[in-house]
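A closer look at the structure
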Amino acid sequence: MQIALFQPDIAGNVGTILRTAACFGVPAHIIEPCGFPFSDQALRRAGMDYAARANVRRHADWAGFGDWNRAEGGRLVLMTTAGATALPDFVFQEGDVLLLGAESSGVPAHVHAAAAARVAIPMRPGFRSLNVAVAAGIALAEALRQTKGFAS
């Protein structure tokens, strides 16, 4: 299982997601450009010292990430409020790449089209979305549960 963040806007959310990835031993990908200067200082508050222990790969742009993903053969699973499949109904596979969009704008249509699956976390009516770091944690936990990927 891997996590990828498409052009994230908020350093604190990225730090939190990197901390989560480090704790669960899951590689993380940052697809640039970011909406903030990507630096240890920007990530330190939310990620604390865990962010430094995360396995992070930065991609200069969507095309570079796409090249990497095609070479690796990972199934791209987009977490989106416009998802076609509810999270409890989706079947994860080992090697999936969980993709989350920018906090302010999600992902553009060509990224939606590139995803093998689009998955939504069900919420009560009248609520627009979850914080991206919370959504990443929920989706990752379900994916690891299904694939028995939690550390022993």
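In the annotation of an unreviewed UniProt entry, the protein chain is listed under the name tRNA (cytidine(34)-2'-O)-methyltransferase and assigned to Sphingopyxis terrae subsp. ummariensis. Under Subunit (unreviewed entry), UniProt gives the following word-for-word description of the protein chain: "Homodimer." In its Subcellular location (unreviewed entry) section, UniProt records this for the protein chain: "Cytoplasm".

The sheet built from 7 strands is open, its strands ordered β3-β2-β1-β6-β4-β7-β5 with parallel pairing. In this open sheet, the two strands that pair with only one neighbour each are β3 (56-59) and β5 (85-86). Pairing geometry for strand β4 (residues 76-79) and strand β7 (residues 117-120), over 3 bridges, is parallel. Of the residues in β7, the one forming a bridge with M79 is V119. The strands touched by helix α5 (residues 132-147) within the sheet are β1 (2-6), β4 and β6 (97-100), with β6 carrying the most contacts at an inclination of about 160°.

This next bit is on the packing of helix α1 (residues 11-24) against α5. Running from N to C, α1 and α5 point in directions that differ by 20°, and their axes come no closer than 9 Å. Overall, the two elements α1 and α5 adopt an arrangement that is roughly parallel. Where α1 crosses over α5, the two elements pack in a sense that is right-handed. Residues N13, T16, I17, T20 and F24 of α1 form the contact with α5, whose own contacting residues are V132, A133, A136, L140 and L144. Counted by class, the contact of α1 with α5 contains 7 nonpolar, 3 polar and no charged residues.

Attention now goes to the UniProt feature "binding site: S-adenosyl-L-methionine" (unreviewed entry) in the protein chain. Summarizing the sequence annotation, UniProt attributes the feature "binding site: S-adenosyl-L-methionine" (unreviewed entry) to M79, G101, I121 and S129 in the numbering used throughout. Spanning 51 residues, the annotated positions come together in the fold, the maximum distance between their C-alpha atoms being 13.9 Å. Here the residues from the annotation list that line the largest pocket are M79, G101, I121 and S129. With respect to the element layout, M79 can be found in strand β4. Apart from the residues lying within four places of it in its own chain, the contact partners of M79 are L87, L99, L100, V119, I121 and A139. Here S129 shows up in the loop between β7 and α5.

Parameters and conventions
Residues numbered from 1 in each chain as written. Predicted model: local features only at pLDDT ≥ 70, side-chain atom pairs only at ≥ 80, totals over all residues. Heavy atoms only, no water. UniProt positions renumbered as here; feature names shortened; annotations may be inferred. Pairing = 2+ DSSP bridges. Helix = DSSP H or I, 4+ residues; strand = E, 2+ residues; numbered from the N terminus. Contact = heavy atoms within 4.5 Å. Axes fitted to C-alpha atoms, helices over the stretch in contact; angles between N-to-C directions. Parallel < 35°, antiparallel > 145°, perpendicular 65-115°, else oblique. Left-handed = near helix turned anticlockwise from the far one by under 90°. Nonpolar A, V, L, I, M, F, W, Y, C, P; charged D, E, K, R; others polar. 1 Å grid on protein atoms, 1.4 Å probe; cavity = no way out; pocket = protein on both sides within 12 Å on 5 of 7 lines; lining within 4 Å.

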